[in-house]
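# Coordinate analysis (summary)
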Amino acid sequence: MRNLSIQKLLSNKIIWLYILSGGLLLGTSLLGLFLSSVTVPIPTILHIISEKVFHIGWLEEVQKNEEMIIWNIRLPRVVLAFCVGASLSLAGAAFQGLLRNPLADPYTIGVSSGASLGAVIVLFFQFSIIGLGTFTLPIVSIISGLLTLLVVFGLVRLSSRSLAVETIILAGIIISSFIGALVSLIISLGDKDAMTQIIYWLYGSVGMRGWDYVQLIIPFMIVGAFILFYHYRELNALALGEEAADHIGVDVKRGKTFVLIGASLLTGAAVAVSGSIGFVGLVIPHLVRLIVGPNHRHVLPLSMLIGGSFLISADLIARVLIAPKELPIGVITALIGAPVFAFLLIRERIGRGSNR
Amino acid sequence: MIHIQNLVGGYSKTPIIKGIDLEINKSEFFALLGPNGSGKTTIFKLITGQLPIISGSISIAGKEISSFSKLEKAKKIAVLTQEVQVSFDYTVEEIVSLGRYPHQKGILKNLSKHDLEVIEEVMEITKVSEFRKKQFRTISGGEKQRVLLAKALAQEPEILLLDEPTNHLDIKHTFQILDLLKTHQHVKGLTIFSILHDLNVASLYADRFALLNNGSLLEVGDVNLLRNEEQLQHVYQVQVNAQSHPTVPKPQLLMTPKFVEEAKSPSFVNGYEIKQQHDFVHVHFEQPLRTISNGIVGDGIQWLQHFCQVHAAYNPSNEELLQWFEQKDLPSKQTSVMMTTQRLENIVVVERQVEGIQMMIMAMSEVGMKGAKGKVNMMLFMDAHFSDGALVNGYMIATEAKMKALQELNIATSSDSLLLGLTQNGEVQSSASLENRVGKAIHDMVYSATKEAVQKNLQLV
């Protein structure tokens, strides 16, 4: 009886966590839509969205410019922030689980540097591919991210047949530093304008991207998230180490390959549409693990929800703090993220100390 | 159950396993023995598929091992190794649940009701349910190993591979884990194929054994394999002696280190001192002696340092004896005691060299009492080296010599105590009989000392 009630309580706790995270997401989204230089009342915001999505509206008159602001500027910004935050957090959770290293983040294995390099090249040479127009940057970025994944994979496979974790991390570091050097090289060769533009892009931003960018990231996000959700048990099993995972019947190599691909898709796409926004993928999964425990079944979806909400809030702060000017969102995430991370670290040590 | 035929395999180029044949029956506890690097773990890795089979075959229940999918294999075989490092703070229950991995079905792969029942059951069996919500990283080594065992059992395997699962556990947890496994073997018919480092533990638990050396099997058989001292000595390069377990009919091995402490070995005569106190006579040897005795304390064959003839009006209880030891500041586990109701002046101590062997005897006769059958207590110490067999021989010779002397004196005794103590210096004597000099020495010494002691006793009365 006692066990049963405890179990019930626990499953309730988890349900509550989902409800809370959903609420958090909704709240931050609304706040993101509401707070800005032009104030649109919340009922109007809801009306506009409902009208556009379901063709059901209840208000008689809505100003055209309000509709423009909400639907064409703020909503895509909020949705994009969500997608990027969710993708990075999910990828971070997966990398941490896969590499059994709490310090891993989406940028560990170098896919993001590849995506950055693509973007930097586009910014530097100021070219656009015919038929793509303004999409040149994100698409080149995604492609170079995927190419980097192939290079990393090739390097890992050539040096370790079993895709050893250490090799993956080392290959990631090698590729990252190499590409980082290339990016620095390009920046130092460019003129002042290009330099500013590149550095600003590298800091990351989700502003002024429109629905097109949302459309670009969503397929990657869905496929990546699906792949990772499907492999949550493998991620759990990997916590025992690869040998023990193999003993309970996990196809370790296959699992690792899929998780790497899924997480890389998410990271590459997120970097391509928003630049490299740091700390989200590192801190959010940690925070989620502290609350729900390490089971990836809940860590993955909750990381998505909370990571998305976190980035919406970060974006909000970035544009409200020194309005009408904007801060780079990467600065905000790091400014919030680093102290939170430090706090978590200290708390974990203290917690452990009292346990033993 | 597991059929291994002409197996060659291991790390590429140089195979570690060089052609072995092995058959492991259903529901038996099979132990694979051999020194480090002999290839035990390699055999396991060939079974689990972590290393490639170069030639030969392994089949499980008649089916070639390579034809199993990973999931099918995990349903048949579970593995328990030395402690696993678990990253992140998974709870005990979550770790055990991982054992259901090969059984989970459907797209969502949730734990079914049956899965939960199995998890519950194995946690009961391994007694880990009480800390199911604790984090795996915070529990003790013994508890961790039980959790990992629960995880392995949750796979509902037919075969369990154990790779030194008790390696860093203390004896309490080692026996706990193995008792659990043994019960499971009997109740569920689990086949256990294990690598065990500790030969004595293996002897107690396993049904059959194989001895592996340099990738080849030397012997496969029952527990008698562990009685083959020469073979074990050859394989492990350590001097081993197979002894019998005192209560279980199985051998236990005793190892002798190559390093021997330089004995200060004083001459036999200077190696002991006799102290006469008002209620006991105490002989203290600087080096422990190998003894065989039937005295009331320190009986059987063992190593002792203190030897006492004690005067007491009645036979004391155990508590009284312990108290007595404490009072006299004597180690109770290293002392031999014989009791007498007679005054200690009766004691006869003879030091002599017989047949070139230094000997000392302390005899106490108690035959003067009217109406009661008397007794003769005797402690014989000699500067010689006896095997256990020779020790028993010597004991018999001493008894016979004493009987002969008593018969000649026309005296009958009923409850004699006798102790033989050997310094274990010099060459090992593997037998003592009236045909050789150690036997003769014992005979002469005991015979004369008995007569002397009885006569002194009679005079005093």
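Conventions and cut-offs
Just so you know, the residues in each chain are numbered from 1, in the order the chain's sequence is written. Written order determines the labels here, with chains lettered from A and ligands numbered from 1. This being a predicted model, a pLDDT of at least 70 is required before a residue's local features are given, and a value of 80 or more before pairs of side-chain atoms are given or counted; all residues contribute to the totals for chains, interfaces and linings. Note that water and hydrogens are dropped before the side-chain values are worked out from all heavy atoms of the structure. Centres within 6.5 Å are what make two rings of Phe, Tyr or Trp a pair, Trp counting through its six-membered ring; a difference in plane orientation under 30 degrees is then read as stacked, over 60 as edge-to-face, and the rest as tilted. Secondary structure is summarised from DSSP: a helix means a run of H or I of at least four residues, a strand means a run of E of at least two, and numbering begins at the N terminus for each. Partly exposed describes any residue whose relative accessible area lies between the buried limit of under 20% and the exposed limit of over 50%, with all areas from a 1.4 Å probe on protein chains only and scaled to the type maximum. Distance and angle both matter: a charge sits over a ring if NZ of Lys or CZ of Arg is within 6 Å of the ring centre and within 35 degrees of the ring normal. Think of it this way: Lys and Arg go in the positive column, Asp and Glu in the negative one, and His and the chain ends go nowhere. Should a side-chain nitrogen of Lys or Arg be within 4 Å of a carboxyl oxygen of Asp or Glu, the pair is scored as a salt bridge. A 3.5 Å cut-off defines polar contacts: any pair of N or O atoms within that distance qualifies, except that in protein one atom must be a possible hydrogen donor and the other a possible acceptor, and neighbouring residues in sequence count only when both atoms are side-chain atoms. Should any heavy atoms of two residues lie within 4.5 Å, those residues are counted as being in contact. Defined here as a combined quantity, buried area equals the accessible surface (1.4 Å probe) lost by two parts on assembly, summed across both. As a working rule, the residues Ala, Val, Leu, Ile, Met, Phe, Trp, Tyr, Cys and Pro are called nonpolar, Asp, Glu, Lys and Arg charged, and the rest polar, with Gly in that last group. What makes a nonpolar core is a set of buried Ala, Val, Leu, Ile, Met, Phe, Trp, Tyr and Cys residues whose side-chain atoms join them at distances within 4.5 Å. In this description, strands pair whenever DSSP reports at least two bridges between them. The handedness rule is simple: strands pointing away from the viewer, and a clockwise path from the first strand over the helix to the second, make the crossover right-handed. As annotated, the domain borders come from an automatic or database domain assignment. A fitted line through C-alpha atoms serves as each axis, taken over the contacting stretch for helices, and the angle formed by two N-to-C directions is quoted from 0 to 180°. Each helix crossing is assigned a hand: it is left-handed if the near helix lies turned anticlockwise from the far helix by less than a right angle, otherwise right-handed if that turn is clockwise.

Counting across every chain of the model gives 14 aromatic pairs over all chains. Seen in terms of ring centroids, Tyr272 of chain B and Phe285 of chain B are 5.0 Å apart; in terms of plane orientation they differ by 35°. Their pairing is tilted. Linking Tyr272 of chain B in strand S13 (residues 272-276) with Phe285 of chain B in strand S14 (residues 280-293), this pair joins segments that are 13 residues apart in sequence. Taken individually, Tyr272 of chain B and Phe285 of chain B each receive the classification buried, so the pair is uniform in this respect. Between Phe285 of chain B and Phe381 of chain B, the ring centres sit 5.0 Å apart and the planes meet at 45°, which makes this aromatic pair tilted. Placement of Phe285 of chain B in strand S14 and of Phe381 of chain B in strand S19 (residues 375-382) is noted, with a sequence separation of 96 residues between them. By way of ring pairs, the aromatic residues Phe268, Tyr272, Phe285, Phe307 and Phe381 of chain B are connected into one cluster. Over the aromatic face of Phe88 of chain B sits the side chain of Arg289 of chain A, whose NZ or CZ is 4.2 Å from the ring centroid. Above the ring of Phe68 of chain B, the side-chain terminus of Lys63 of chain B is found at 4.6 Å from the ring centroid.

Right, let's get into the side chain of Lys375 of chain B. All names here are of chain B. Inspection of the secondary structure puts Lys375 in strand S19. Here Lys375 sits buried without a salt bridge, and the closest side chain of opposite charge, Glu366, lies 4.3 Å off (N-O distance). Engagement of the side chain of Lys375 in a polar contact is seen with the backbone oxygen of Met339, the distance being 3.1 Å. When near neighbours in sequence (up to four residues on either side) are disregarded, Lys375 contacts Met339, Met364, Ser365, Glu366, Val367, Thr413, Ser415 and Asp416.

Before going further, it helps to spend a moment on the interface of chain B and chain A. Counting residues at the interface gives 33 residues for chain B, matched by 35 residues for chain A. Here chain B meets chain A over a buried area of about 2800 Å², counting both sides, of which 55% is carbon and sulfur. Across the chain B-chain A interface, the total number found is 1 salt bridge. Here Asp246 of chain A and Lys70 of chain B are joined by a salt bridge, their closest N and O atoms 2.7 Å apart. At the junction of chain B with chain A, the criterion picks out 11 residue pairs in polar contact (both at pLDDT 80 or more). Listed by contribution, the elements that provide at least two residues to the side of chain B that touches chain A are helix H1 (40-48), helix H2 (70-76), strand S6 (77-80) and helix H3 (92-97) of chain B. Grouping the amino acids of the side of chain B that touches chain A by side-chain chemistry returns 14 nonpolar, 9 polar and 10 charged.

To continue, consider the nonpolar core. Membership of the largest hydrophobic core comes to 152 residues, with the highest contact counts inside it found for Val84 of chain A together with Leu33, Val96, Val147, Phe209 and Leu226 of chain B. With residues up to four places along the chain from it excluded, the contact list for Leu33 of chain B reads Lys40, Leu196, Leu199, Ala202, Phe209, Ala210, Leu211, Leu212, Leu225, Leu226 and Tyr236 of chain B. Within the second largest apolar cluster, 37 residues are counted, among which are Val348, Ala390, Val438 and Ala441 of chain B.

Turning our eyes to something else, we now look at the pattern of salt bridges. Residues and elements named next belong to chain B. The tally for this structure, following the rule as stated, stands at 23 salt bridges over all chains. One salt bridge in this structure joins Arg100 and Asp115, with 2.8 Å as the shortest N-O distance. On the criterion of sequence distance, the pair formed by Arg100 in the loop between H3 and helix H4 (113-125) and Asp115 in helix H4 is long-range, its members being 15 residues apart. Accessibility assignment for this pair places Arg100 and Asp115 in one class, buried.

Let us look at unusual backbone geometry. The general pattern is negative phi for most residues beyond glycine and trans for most peptide bonds. Residues and elements named next belong to chain A. Here the phi dihedral of Phe279 falls at roughly 75°; this positive angle occurs in a residue that is not glycine. For Phe279, the position within the fold is in the loop between helix H11 (252-274) and helix H12 (280-292). When its relative accessible area of 27% is taken as the criterion, Phe279 is described as partly exposed.

Attention shifts here to the pairing of strand S8 (residues 191-195) of chain B. All names here are of chain B. In terms of burial, S8 is a largely internal element, 5 of the 5 residues being buried. Judged by which residues are buried, S8 turns out to be covered on both faces: Thr191, Phe193 and Ile195 on one side and Ile192 and Ser194 on the other are all buried. When strand S3 (residues 29-33) meets S8, the two strands line up parallel, connected through 4 bridges. Within the sheet, the bridge partner assigned to Phe30 lies in S8 and is Phe193. For strand S7 (residues 159-163) and S8, the ladder comprises 5 bridges, and the chain directions are parallel. Its bridge partner being in S8, Leu162 is matched across the sheet by Ser194. After leaving S7, the chain enters helix H6 (residues 171-188) and then returns to the sheet as S8, a path that is right-handed.

All names here are of chain A. Relative to the assigned elements, Thr28 resides in helix H1 (residues 2-34). On the basis of relative accessible area, Thr28 is assigned to the buried category, the value being 13%. Separated by 282 residues in the primary sequence, Thr28 and Phe310 place their C-alpha atoms 8.2 Å from one another. Setting aside its immediate chain neighbours within four residues, Thr28 contacts Ser309, Ile312 and Ser313.

What follows is about the domain arrangement of chain A. All names here are of chain A. Annotation of chain A at the domain level lists domain 1 (21-62) and domain 2 (79-348). A C-alpha centroid distance of 29 Å is found between domain 1 and domain 2. Each side of the interface is counted separately: domain 1 has 10 residues, and domain 2 has 9 residues. Carbon and sulfur atoms make up 72% of the area that domain 1 and domain 2 hide from each other, which totals about 780 Å². It is Ser21, Leu25 and Thr28 that lose the most area in domain 1 upon contact with domain 2, and together they represent 55% of the buried surface on that side. Inspection of the domain 1/domain 2 interface yields 0 salt bridges. Counting the contacts that link domain 1 with domain 2 gives 3 residue pairs in polar contact (both at pLDDT 80 or more). Taken together, the residues of the side of domain 1 that touches domain 2 break down into 4 nonpolar, 6 polar and no charged.

On to the packing of helix H10 (residues 388-409) of chain B against helix H11 (residues 437-460) of chain B, then. Residues and elements named next belong to chain B. The geometry of H10 relative to H11 is characterised by a closest axis approach of 8 Å and an angle of 35° between their N-to-C directions. In this structure, the crossing between H10 and H11 has a hand that is right-handed. Contacts from Gly394, Ile397, Ala398, Ala401, Lys402, Lys404, Ala405, Leu406, Glu408 and Leu409 of H10 reach H11 at Gly439, Ile442, His443, Val446, Tyr447, Thr450, Lys451, Val454 and Gln455. Per-class residue counts for the contact of H10 with H11 are 10 nonpolar, 5 polar and 4 charged.

Adjacent strands of a sheet pair through backbone hydrogen bonds, lying either parallel or antiparallel. Residues and elements named next belong to chain B. Spatial strand order, S2-S1-S4-S5: 4 strands in an open sheet with antiparallel pairing. Edge strands, defined here as strands with exactly one partner in the open sheet, are strand S2 (17-24) and strand S5 (63-64). Judged from the 6 bridges that link them, strand S1 (residues 2-9) and S2 form a sheet pairing that is antiparallel. Bridge assignment links His3 to a residue of S2, and that residue is Glu23. Contacting S1, S2 and strand S4 (53-60), H1 crosses the sheet at an angle of about 110° to S1.

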